Amino acid sequence: MRQNQHIKYTLNSINDVYYSKLYMANSKNFHTIGDLKFDPKKLQNALKQVLKIKNYDTAGGITNFGAICLNQIPGDPNSTKGNNARGIYWTKPDHTGTEASRDKLIDERSYTEFVKDYEHTYFKEVYEKLSKKFKLGRVRILLKEPRSTLSWHRDPEPRLHIPIITNHGCIMVIEDVAKHLPADGSVYVTNNLKYHNAFNGGEENRVHLVACLPDYKFN
Ligand SMILES: [Fe+2]
């Protein structure tokens, strides 16, 4: 009996170490923005409001990809659609390991107008607060469907994440480090210039607000 208890305690502490490593989002390529926090319930309500008036753009039918742009090039609603909702990235698609580029280059700095349709939502307040602290490129709501993954790829700039809906099976991997980003209103910046991936191993959607940060520097 005593021995069983000892085994149980040992297993618990192994779990604690495992999850604290997985959840602690501050490391070389994962930063937590300590002085910014949003209301997780308000974020979820804002998402519901947006989804009442807009469907996810699949960038021309890309599997496992869905995006809604919250900002646009002033006066240009096309800048939120199709390939503009996705943007350039580099990947190593086959056994040769040769890098290839995909999709089109986006002028992130030209996305300066918050889309009017969403001005009644909490996302407007989030956008204003983020704009005061960071030079923002596109600010998108990104969907990752259950049991799906991205490619192994790198992007042109770091990305800011505010998880809105997530589950324990949603993990982002940058090089050889894996992290779960909890949806507790925290704001994270990830070094997407390094090779990375994100997968949703759960059975519910994962939804993050993701902003491109063209001026953010990782040391
Ligand atoms: Fe990426």
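Summary of the structure given here.

Reading guide: rules and limits
Residues numbered from 1 in each chain as written. Predicted model: local features only at pLDDT ≥ 70, side-chain atom pairs only at ≥ 80, totals over all residues. Pairing = 2+ DSSP bridges. Helix = DSSP H or I, 4+ residues; strand = E, 2+ residues; numbered from the N terminus. Axes fitted to C-alpha atoms, helices over the stretch in contact; angles between N-to-C directions. Contact = placed C-beta atoms within 7 Å. Buried ≥ 20, exposed ≤ 12 C-beta atoms within 10 Å, placed from the backbone. Core = buried A, V, L, I, M, F, W, Y, C linked by C-beta atoms within 7 Å. Expected span 1.5 Å × (residues − 1). Arc of directions from axis to C-beta.

1. Things to note about the sheet that holds strand 7 (residues 139-144)
As summarised here, the arrangement of the 6 strands in space is 1-13-10-15-7-2, forming an open sheet in which the pairing is antiparallel. At either margin of the open sheet sits one strand with a lone partner, and together these are strand 1 (30-37) and strand 2 (66-69). Adjacent strand axes in the sheet meet at a mean angle of 30°, parallel and antiparallel pairs treated alike. As defined by bridge partners, strand 7 adjoins strand 15 (residues 206-212) across 6 bridges and the pair is classed as antiparallel. Bridge assignment links K144 to a residue of strand 15, and that residue is R206. Lying on the sheet, helix 2 (residues 40-53) is in contact with strand 2, strand 7, strand 10 (159-165) and strand 15; it crosses strand 10 at an angle near 85°.

2. A word on the pairing of strand 13 (residues 186-190)
Across the 5 residues of strand 13, 4 count as buried, placing the element largely inside the fold. In terms of strand pairing, strand 1 meets strand 13 through 4 bridges, oriented antiparallel. Each bridged residue has a counterpart across the sheet, and for K37 the counterpart in strand 13 is S186. Pairing analysis gives 3 bridges linking strand 10 to strand 13, with the strands arranged antiparallel. Residue H161 lies in a different strand from strand 13, and its bridge partner there is Y188.

3. Considerations on the environment of E157
In this structure, E157 sits in the loop between strand 9 (153-154) and strand 10. Each C-alpha atom, one on E157 and one on D215, is 7.9 Å from the other, the two residues being 58 residues apart in sequence. E157 has contacts with E108, G137, N192, C212, L213 and P214, leaving out every residue within four places of it along the chain.

4. Observations concerning the nonpolar core
Within soluble globular proteins, side chains that are nonpolar generally end up buried alongside one another. By size, the foremost hydrophobic cluster in this structure holds 40 residues, and its most contacted members are L70, I141, L160 and A211. For this core, the leading source of residues is strand 15, giving 5 residues. Apart from the residues lying within four places of it in its own chain, the contact partners of L160 are L130, F134, V187, V189, V210, A211 and L213.

5. Regarding unusual backbone geometry
For R147, which is not a glycine, the phi torsion comes out positive at approximately 50°. Looking at where R147 falls in the secondary structure, it is placed in the loop between strand 7 and strand 8 (148-149). Residue classification places R147 among the exposed positions, given that 12 C-beta atoms sit within 10 Å. The phi angle at E175 is positive, at roughly 50°, despite the residue not being glycine. When you line up the elements, E175 lands in the loop between strand 11 (170-174) and strand 12 (177-179).

6. Quick notes on the pairing of strand 10
Burial analysis of strand 10 places 6 of its 7 residues in the buried class, which makes it a mostly covered element. Inspection of the sheet shows strand 10 paired to strand 15 by 6 bridges, in the antiparallel sense. When the bridges of strand 15 are listed, P163 appears paired with H208.

7. Digging into helix 2
In this model helix 2 runs 21 Å from its N-terminal to its C-terminal C-alpha over 14 residues, within 8% of the 20 Å that 1.5 Å per residue would give. Listed as buried for helix 2 are L43, A46, L47 and V50. The buried residues of helix 2 occupy one face: seen down the axis, they fall within an arc of 105°. Summarising the geometry of helix 2, the exposed residues directed more than 90 degrees from the buried face are K41, K48 and K52.

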